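Close look at the chain arrangement
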Amino acid sequence: MYYTDTWQSFIQQQHTHAAEKREYPEWHKNRPRYYLWAIDSDTALVNKRLRKYHSIFQDLLVHPYERQAHITVAISGFLGEHVIHNDDITQAAIAKQQEVLHALKLTPFIVSIGGINSFSSAPFLEVMDPSGSLEVIRHTLIGDRKDFRNTHYIPHVTLGLYSANHAVASIAAMIKNLQEEPIELAVDHIGFYSYDAKDIGSRLRKECIVALY
């Protein structure tokens, strides 16, 4: 297991944090779509691994969860004409993100997708980034715009969201002996995506890509 600190934090809890299949209006505040920069990991090998774990975790997760496999690099937030809330972003700010990403002139790189680990809210596949490129991209995209989320960045591929306050001990027992050989993923572009904010499991819509050279 690569993220041992995350694992230790998980197993020290009694129960998982439950997600509900509802709109969460207190979060989206009638803003329709949520925007993010991510690496596309929707490949045959990654999806095969996700299907394997979905079959193991199916009774523990919110259904349906249709979001394609991806590695979030940076969150942009809700697109609007003005910044009213700390998770709002304007079109001009998004254009600036695209500009600085182009200017970075980063070359293609490899990440490795490993086995299962878990946050309190969601099980995930670990992502190893030996070149450190994800952190460079993330820092470039966020820039001087303070990240409104206070969680430590851990690149990962989400398996799904826990559907109830499940006992962590039983989940840990399921996970701890599951090991996988890393899947190498060649990254030659960064994608800008959005999803329907009223559906916590909705699919990603590709807005644009920035190619790496």
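See above for the structure.
Here's a quick rundown of the structure.

Calculation criteria
- Every chain is numbered on its own, with residues counted from 1 as its sequence reads.
- Two thresholds apply to this predicted model, a pLDDT of at least 70 for residue-level local features and 80 or more for giving and counting side-chain atom pairs, whereas whole-chain, interface and lining totals are computed over all residues.
- Hydrogens and waters are ignored; side-chain quantities use all the structure's heavy atoms.
- Burial classification: accessible surface area is computed with a 1.4 Å probe over protein chains only, and a residue below 20% of its type maximum counts as buried, one above 50% as exposed, and the rest as partly exposed.
- Each helix is a run of DSSP H or I of at least 4 residues and each strand a run of E of at least 2, with the numbering of both proceeding from the N terminus.
- One requirement defines pairing of two strands: DSSP has to find at least two bridges between them.
- Among buried residues, the Ala, Val, Leu, Ile, Met, Phe, Trp, Tyr and Cys ones that are joined through side-chain atoms within 4.5 Å form a nonpolar core.
- Contact between two residues is taken to exist if any of their heavy atoms lie within 4.5 Å; hydrogens are not considered.
- Between the rings of Phe, Tyr and Trp (Trp by its six-membered ring), a pair exists once the centres lie within 6.5 Å; its type follows the angle of the planes, with under 30 degrees stacked, over 60 edge-to-face, and the other angles tilted.
- Within 3.5 Å is the distance limit for a polar contact, defined as a pair of N or O atoms, with the added protein rule that one can donate a hydrogen and the other accept it, and that residues adjacent in sequence qualify only through two side-chain atoms.

1. Examining the pairing of strand β7 (residues 183–187)
With burial as the criterion, only one face of β7 is covered, namely that bearing Ile 183, Leu 185 and Val 187; the residues Glu 184 and Ala 186 on the opposite face remain uncovered. As paired strands, strand β4 (residues 109–118) and β7 are joined by five bridges and run antiparallel to one another. Bridging from a neighbouring strand, Ser 112 pairs with Glu 184 of β7.

2. A few points about the nonpolar core
The biggest cluster of nonpolar side chains holds 45 residues, and the ones touching the most others in it are Phe 57, Ile 71 and Leu 134. Apart from the residues within four sequence positions on either side, Ile 71 is in contact with Trp 37, Ala 38, Ile 39, Ser 41, Val 111, Val 127, Leu 134, Tyr 153, Pro 155, His 156, Val 157 and Leu 185.

3. Remarks on the packing of aromatic side chains
Across all of its chains, the model carries nine aromatic pairs by this definition. On the basis of an interplanar angle of 40 degrees and a centroid distance of 5.8 Å, the ring pair of Trp 7 and Phe 10 is categorised as tilted. Of this pair, Trp 7 and Phe 10 both sit in helix α1 (residues 4–11), three residues apart, roughly one helical turn. On the basis of an interplanar angle of 65 degrees and a centroid distance of 4.9 Å, the ring pair of Trp 27 and Tyr 34 is categorised as edge-to-face. Here Trp 27 falls in the partly exposed class, since its relative accessible area comes to 27%. On the basis of relative accessible area, Tyr 34 is assigned to the buried category, the value being 5%. What links up through ring pairs into an aromatic cluster is the set Trp 27, Tyr 34, Phe 78 and Tyr 195.

4. With respect to the environment of Ser 163
Looking at the element boundaries, Ser 163 is found in the loop between β6 (156–158) and α6 (168–175). A C-alpha to C-alpha distance of 8.9 Å links Ser 163 and Ser 121, two positions 42 residues apart in sequence. In this structure Ser 163 touches Ala 18, Ala 19, Asp 59, Leu 60, Leu 61 and Val 62, once residues within four positions along its chain are discounted. Within the local environment of Ser 163, its side chain forms a polar contact with the side chain of His 166, the two groups lying 3.3 Å apart.

5. With respect to the side chain of His 70
Relative to the helices and strands, His 70 resides in strand β2 (residues 70–79). We classify His 70 as buried; its relative accessible area is 10%. Within the local environment of His 70, its side chain forms a polar contact with the backbone oxygen of Gln 68, the two atoms lying 2.8 Å apart. Those residues in contact with His 70 that sit more than four places away from it in its chain are Leu 36, Ala 38, Ile 39, Ser 41, His 156, Val 157 and Leu 204.

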